[in-house]
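As a plain string of letters, each chain reads:
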Amino acid sequence: EDAADRMPAKIRQLDIDFPYLVDASQKVARAFQAQCTPDSYLFDARGGLVYHGRIDDNWKDEKRVRREELKVAMDGLAAGKPTLKRQWPSLGCSIKWRQQE
């Protein structure tokens, strides 16, 4: 469902209004040392990394989510509060790395 050629339709269906990057060369993923999809990064206005980790505590069943770590980090950043002391690793499908050219 999330193959690059299917994403334009999915973006329209979900009314996504933010940029979507197709990293065909995997250069961006390598530069950020991404490990899986999704792998969330939150930066402040100066470009400093505020949060890197999972979106929430249950990537398989949204009804069982109890803690939304990315949202907490975003709310804290917007309020000028310190970042989360603990940041959990991202969970999801591992990236299948291609040979570098």
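The structure this text deals with has already been given above.
Overview of the structure. Just so you know, these numbers come straight off a predicted model, no measurement behind them.

### Concerning the overall build of the chain
Summing up its helical and strand segments, the chain has 3 helices and 4 strands in all. Element order for the chain, N to C, with α for helix and β for strand: α-α-β-β-β-α-β. For the chain, the spread of C-alpha atoms along the three principal axes comes to 40 × 35 × 25 Å. Going through the 101 residues of the chain one by one, you find that 23% of them count as buried. Taking contacts inside the chain between residues at least 6 apart in sequence as the whole, the part at least 24 apart equals 50%. For the chain, the exposed surface amounts to about 8,300 Å²; the carbon and sulfur share of it is 52%. Charged side chains of the chain number 18 positive and 16 negative; the gap between the two group centres comes to 5 Å.

### So, the environment of R12
By secondary structure assignment, the location of R12 is in helix α1 (residues 7-14). In this structure R12 comes out as exposed when scored by relative accessible area, which is 62%.

### Structural notes on helix α3 (residues 69-79)
Residues E69, L70, A73 and G76 constitute the buried set of α3. Looking down the long axis of α3, one finds its buried residues gathered within 125 degrees of arc, a one-sided arrangement. Along its buried surface, α3 packs onto β2 (40-43) and β3 (49-53).

### A few points about the pattern of salt bridges
According to the stated counting rule, one finds 4 salt bridges in the structure shown. In this structure, the salt-bridge partner of R54 is E69, at a minimum N-O distance of 2.9 Å. Highlighted residues: R54 in the loop between β3 and α3 and E69 in helix α3, separated in sequence by 15 residues. The buried category is assigned to R54, whose relative accessible area is 15%.

### Things to note about the pairing of β3
If a strand is regular, its side chains alternate between the two faces of the sheet. The pairing of β2 with β3 spans 4 bridges and is antiparallel. Bridging across to β3, Y41 finds its partner in H52. In textbook terms, the turn of a hairpin is the stretch between consecutive antiparallel strands, and for β2 and β3 this stretch comprises 5 residues, one of which, G47, has a positive phi near 90 degrees.

### Some details on the packing of aromatic side chains
All chains considered together, the criterion is met by 2 aromatic pairs. The interplanar angle of 65 degrees and the centroid separation of 5.9 Å between the aromatic rings of F32 and F43 together place this pair among those described as edge-to-face. Linking F32 in the loop between α2 (27-31) and β1 (36-37) with F43 in strand β2, this pair joins segments that are 11 residues apart in sequence. Look at F32 and you get partly exposed, because its relative accessible area is 38%. Among the aromatic residues, ring-to-ring pairing joins F32, Y41 and F43 into one connected group.

Cut-offs used in this document
Residues numbered from 1 in each chain as written. Predicted model: local features only at pLDDT ≥ 70, side-chain atom pairs only at ≥ 80, totals over all residues. Heavy atoms only, no water. Helix = DSSP H or I, 4+ residues; strand = E, 2+ residues; numbered from the N terminus. Buried < 20%, exposed > 50% of the residue type's maximum accessible area, 1.4 Å probe, protein only. Contact = heavy atoms within 4.5 Å. Areas by Shrake-Rupley, 256 points an atom, 1.4 Å probe, with all protein chains shown as cover. Lys, Arg positive; Asp, Glu negative; His and termini not counted. Charge placed at Lys NZ, Arg CZ, Asp CG, Glu CD. Arc of directions from axis to C-beta. Salt bridge = Lys/Arg side-chain N within 4 Å of Asp/Glu carboxyl O. Pairing = 2+ DSSP bridges. Phe/Tyr/Trp six-rings, centres within 6.5 Å; stacked < 30°, edge-to-face > 60°.

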